[in-house]
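Remarks on the overall topology
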Amino acid sequence: MYPTEYMQFLVHFHGDQDFFECHEILEDFWKKVDSRNKESIWVGFILMAVSCYHHRRENFMGAEKTIQKSRKLLEKKKEALRELGLDDTRIILLLKNQEDCIKNKQVFFPYHLPISDPQLERKCAQLAHSMGMKWKKSEPISLEIIHRHVMRDRSIVIKEREQALKKKRRQ
């Protein structure tokens, strides 16, 4: 009914709050299903996760830029949000409130996406449990998760960028 990657995104968003992982999961999925579409709903979710990641690290400029893009994109996707089991009105309001918090340089506080489909909620809670995570329970976040992009192995990303640059030069 729902893409597995979407449910994994929700589990990480509400479980361990690993927003970098949220971004990674959906970016890979987006590249497989809709890679040329910068207006894809998946891009909206990716930007939302990136904004949370930046906000928690107090990168307010990066957080504001990405939350604005996410909100504007998702405002155009209300029907798709409903089809993905979310309350479209509440999620847009949530993003506006989050944008205000960022503009006012308030400390990041994790939030839950308004899931309107009880079956989706149940499946995500089960998936979280199977992954050893608590569903919608705030716990202290490790520094490894908070600063994930700094601590990860970037060799694959660097290699992909070099290959793309070589390809571009050949064209």
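Data block above holds the structure.
Residues numbered from 1 in each chain as written. Predicted model: local features only at pLDDT ≥ 70, side-chain atom pairs only at ≥ 80, totals over all residues. Heavy atoms only, no water.

What follows deals with the packing of aromatic side chains. Taken as a whole and judged by the stated rule, the model has 11 aromatic pairs. Look at Phe9 and Phe45: their rings are 5.6 Å apart centre to centre, the planes differ by 40°, and that puts the pair in the tilted class. A residue pair is termed long-range when its members are at least 10 positions apart, and Phe9 in helix 1 (residues 4-14) and Phe45 in helix 3 (residues 41-56) qualify at 36 residues. Centre to centre, the rings of Trp42 and Phe45 are 6.1 Å apart; their planes meet at 50°, and the pair counts as tilted. Highlighted residues: Trp42 and Phe45, both in helix 3, separated by three residues, approximately one helical turn. (Phe/Tyr/Trp six-rings, centres within 6.5 Å; stacked < 30°, edge-to-face > 60°. Helix = DSSP H or I, 4+ residues; strand = E, 2+ residues; numbered from the N terminus.)

Turning next to the environment of Lys123. Take Lys123: it is sitting in helix 7 (residues 118-130). Lys123 sits in the partly exposed class, given a relative accessible area of 33%. Separated by 116 residues in sequence, Lys123 and Met7 place their C-alpha atoms 8.0 Å apart. (Buried < 20%, exposed > 50% of the residue type's maximum accessible area, 1.4 Å probe, protein only.)

A separate point is the packing of helix 1 against helix 2 (residues 19-34). In contact at an axis separation of 8 Å, helix 1 and helix 2 are set at 170° when each is read in the N-to-C sense. As judged from the angle between their axes, helix 1 and helix 2 are roughly antiparallel. Contact with helix 1, carried on its side by Glu5, Tyr6, Gln8, Phe9, His12 and Phe13, involves Phe19, Glu21, Cys22, Ile25, Leu26, Phe29 and Lys32 of helix 2 and no other residues of that element. Grouping the constituent residues of the contact of helix 1 with helix 2 by class yields eight nonpolar, two polar and three charged. (Axes fitted to C-alpha atoms, helices over the stretch in contact; angles between N-to-C directions. Parallel < 35°, antiparallel > 145°, perpendicular 65-115°, else oblique. Contact = heavy atoms within 4.5 Å. Nonpolar A, V, L, I, M, F, W, Y, C, P; charged D, E, K, R; others polar.)

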